[in-house]
Amino acid sequence: MIDHVLGRPSAKSRRLQVLAVLTFWSAYLYRGNRHGPPFVRFLSRLSSKKLTGWQIVVFTMMYLYAARNFSTLVGLASPEPMANMYDATYFRATWVLTALDAGFWTAMKIRRKWLRDIASMVFTVFYMVSAERADEKVRKVRGMLTVDHLRVSWNKGTSPYLRALQNLMRPRFTRWPPRAIRIPRPNTSDYKEPVSGWLYYDGPISDLEHINKMILDIPGGGFVAMDPRCNDDKLLAWAGKTGLPILSLDYHKAPEYPYPYALNECFDVYTTIIKSKGRCIGMSGREIPKIVVTGDSAGGNLATAMTLMVIETATNKRRPGLAQEELPTPCGLLLFYPALDMNIGNWMSDEQMSLIKDRRMRVTNKNYLKRKSMQYNDLVGTPHQSDDEDEYPFPQVSTTKPDNDSKDQPLQSPHPEYSHASPQTWSKPQPATPASQREGESLSHHPEPMRTRLAMASMISYFNDRVITPEMMRAMIILYIGPHNRPDFSQEYLLSPILAPDALLQRFPKTYFLTGERDPLVDDTVIFAGRLRRIKHACYSRRDSQGMEGLENAADFDDKDVAELVLIPGISHGFMQFPTVYPPAWKLIDRCAQWAEDLLNTADSRERREQRRSRFQRQANTESSGDEDRPLEINMTRVRGRTMSDNKPRADETTDRSGDDHEGGQTNGILKKKKRTNGRIRGGRGSRSLVKLDSSDDLLSRRMQGLAGALTGLQDED
């Protein structure tokens, strides 16, 4: 109360208040009457005749507990914002994580590490019992976040007691522990310090000589925390199930190493692997290894930006200072709840909504879209609209049409309309009508005609998320950019990959996206996946219309060959990092391992087809050259050549060619058949989407339930 009277709330004033209260009652117990004030003595004599001392203590505690929860008993308590936010399993996981954060933040100022580790676990147990106290503690800390708070929270997995518990509960996937490794920088880098990492491989290093595939993992952690060992559950499971080496980078963290230091580290490691042909991690070096790049959260940002840098090396017009050396793109990407937009905005632009409303993705984005459309209805309590209410035409964002050779297109053409950066409408404004031409008309201002329904960005819609909040995003962005950088948030596509130019996204490899539908970063994932599909489809259609080598028919284009998006209902951010408390994450980890194998197998099939095609082309060129020279050789031996059955060798040759063509045609036919069946060059899967949202309500119609339900009283139960 003292801090409220003084008008300056602080922890110091509360501590003084507690000390004053304890001092007063301690002095009274020592100097005052041992039976209390006169009125209390009278009550004590009456109660002592019927109650024992134990009963008095218990009744007193019961009274205090009932008084503290009086509003709950009489039905006047405030509504619970988390009631319909998550599913039950994920909410239990966030309960444990919140208690851990509160416990570790409470003990973070203890200087002795051994005592701090013990106190952190003791406080965690207390906060698990007192969940409301944990929520209050976490809320206050997040209001005044520092880099130390972020690191204590996200690096808690390195605590010896938590690590021991995690190792005890984790299945044994590999016989070999992770190995620390240092990757040298390429000679084209401005930096010389090697990059640290951890190599996860279930076998001796000598076995890597027989492997030409690998996974390059870039862990998340808000750019400020979390080394690869915080992701042991995921990485060990991948290493055991795929049998592939997994290199997870321990890049330098902000704020000591701000943007773009970590991005350059990732790019340098990829360059070194390509140039050394894998020798830097123990491979044979006979061929360039096939690489699948993975990243979660902030690591997804770095993985996407690094891939854009790799694609730039294959273009003629590069950013200033980029080395003139072409690098092969990765075989594919796996992005888990990536942070692709460093702009924290409130509203969805028309361009963003048009990507989400793409008819080709209506099945995947149906619930997500409807939840956005219902935000206004939930606030005012109006009846729910019909499913076809939003079937009005929305503006089609024109995809930049590059020249015949995309290498000649400038890359410095980012698209700010797909970001949350202001302004939110990037279309050209209509010129105002002069006042002289408006005589007789109303001078009142009228809003623009509605093209897309007003929708709020996911970062603001889920501002009360228990894993990642706007305050945390603000702190991470400030720390990552640093005090000496002033990037243009509407142009810097390596900072916000959602702004990437079309010319780069045309070359972007296939990407799998995995995120929760209640994730504050879900908009980044859906919009970026929509851009990939739209740009690739436009590119394929243009190549088909121009008769360029590529698809035989643009109708054969399959969105799943470009990007596959999986939205998990009822969960939020970071679920891949704590499968110990969220068991469904183990199945998702297994699915991601299968995705990585599919990308590598597809790359193998593509390479074999290209080799077969080039071999056929060389044979055709050789035979054509022989036919041109043959008259010079056979001029004087024509008769003898005919007497020796001149037609027979040619028949054999024709047979050989027809056999090759038949085999190639049969292979292509099989591949086309499989492709039309499931959109991938492999069989055994149906054409249905990988995931169907199990929730009966729409994703978008549930987004504002936690905000609007308390006001309208019309919130729906999940």
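Computed from a predicted model, the values in this text were never measured in an experiment. (Residues numbered from 1 in each chain as written. Predicted model: local features only at pLDDT ≥ 70, side-chain atom pairs only at ≥ 80, totals over all residues. Heavy atoms only, no water.)

### Quick word on the overall build of the protein
A tally of regular secondary structure across the protein gives 24 helices and 8 strands. Here the protein, with 718 residues, has 46% of them falling under the buried criterion. The contacts of the protein with a sequence gap of at least 6 include a subset with a gap of at least 24, amounting to 80%. Carbon together with sulfur atoms contributes 55% to the accessible area of the protein, which is approximately 38100 Å² in total. (Helix = DSSP H or I, 4+ residues; strand = E, 2+ residues; numbered from the N terminus. Buried < 20%, exposed > 50% of the residue type's maximum accessible area, 1.4 Å probe, protein only. Contact = heavy atoms within 4.5 Å. Areas by Shrake-Rupley, 256 points an atom, 1.4 Å probe, with all protein chains shown as cover.)

### Thoughts on unusual backbone geometry
In this structure, the amide linkage connecting Ala254 to the following residue, Pro255, adopts the cis form with an omega of 5°. In this structure, Pro255 sits in the loop between β4 (246-249) and α12 (261-275). For the bond from Tyr259 to Pro260, the omega torsion is 5°, close enough to zero to count as cis. Phi is positive for Ser297, which is not a glycine, with a value near 55°. As for its placement among the helices and strands, Ser297 is situated in the loop between β5 (290-296) and α13 (298-312). Here the phi dihedral of Tyr337 falls at roughly 35°; this positive angle occurs in a residue that is not glycine.

### Section: helix α18 (residues 470-481)
Under the 1.5 Å per step criterion, the end-to-end length of α18 is 16 Å for 12 residues, consistent within 8% with the ideal 16 Å. Among the 12 residues in α18, 9 count as buried, and that is most of the element. Of the positions making up α18, those classed as buried are Pro470, Met472, Met473, Ala475, Met476, Ile477, Leu479, Tyr480 and Ile481. (Expected span 1.5 Å × (residues − 1).)

### Structural notes on the nonpolar core
One finds Leu247, Leu514 and Met576 to be the most contacted residues of the largest nonpolar core, which totals 138 residues. For this core, the element with the highest residue contribution is helix α21 (residues 585-634), accounting for 11 residues. Not counting residues up to four positions away in its chain, the partners in contact with Leu247 are Ile181, Ile183, Trp198, Leu199, Met214, Ile215, Leu216, Asp217, Val269, Ile273 and Ile281. (Core = buried A, V, L, I, M, F, W, Y, C linked by side-chain atoms within 4.5 Å.)

### Description of the pattern of salt bridges
Within this structure, the stated rule accounts for 20 salt bridges. Between Arg185 and Asp268 there is a salt bridge, with its nearest N and O atoms 2.6 Å apart. Of this pair, Arg185 sits in the loop between β1 (179-183) and β2 (195-200) while Asp268 sits in helix α12, placing them 83 residues apart in sequence. Each member of the pair, Arg185 as well as Asp268, is classed as buried. One salt bridge in this structure joins Arg531 and Asp502, with 2.7 Å as the shortest N-O distance. Taken together, the residues Arg531 in helix α20 (residues 522-545) and Asp502 in helix α19 (residues 502-505) connect sequence positions 29 residues apart. Given the relative accessible area of 1%, Arg531 is considered buried. Assessed through its relative accessible area of 3%, Asp502 is described here as buried. A network of salt bridges, in which partner residues are shared, links Lys213, Lys290, Asp604 and Glu607. (Salt bridge = Lys/Arg side-chain N within 4 Å of Asp/Glu carboxyl O.)

### Re the sheet that holds β5
Strand-to-strand pairing in sheets goes through backbone hydrogen bonds, with the strands running parallel or antiparallel. Reading across the sheet, the 8 strands line up as β1-β2-β4-β3-β5-β6-β7-β8 and stay open at both edges, with mixed pairing between neighbours. Of all the strands in the sheet, the pair left with one neighbour each is β1 and β8 (563-568). When strand polarity is set aside, the average angle formed by the axes of neighbouring strands in this sheet is 20°. Two strands pair when backbone bridges link them, and strand β7 (residues 511-516) and β8 are joined in this way by 6 bridges, in the parallel orientation. Its bridge partner being in β8, Thr511 is matched across the sheet by Ala563. (Pairing = 2+ DSSP bridges. Axes fitted to C-alpha atoms, helices over the stretch in contact; angles between N-to-C directions.)

### Observations concerning the confidence of the model for the protein
Across the protein, the average pLDDT comes to 77, with 67% of residues at 70 or higher. Ignoring residues within four places in sequence, the model shows residues 386-410, a span with pLDDT below 50, making 53 contacts including any to other chains. Between residues 422-430, whose pLDDT stays under 50, and residues either more than four places distant or in other chains, the model counts 14 contacts. (pLDDT = per-residue confidence, 0-100.)

### Focus: the pairing of β7
Where burial is concerned, most of β7 is hidden: 6 out of the 6 residues are buried. Judged by which residues are buried, β7 turns out to be covered on both faces: Thr511, Phe513 and Thr515 on one side and Tyr512, Leu514 and Gly516 on the other are all buried. Here 4 bridges tie strand β6 (residues 332-336) to β7, and the two strands are oriented parallel to one another. Paired with Leu335 across the two strands is Phe513, which belongs to β7.

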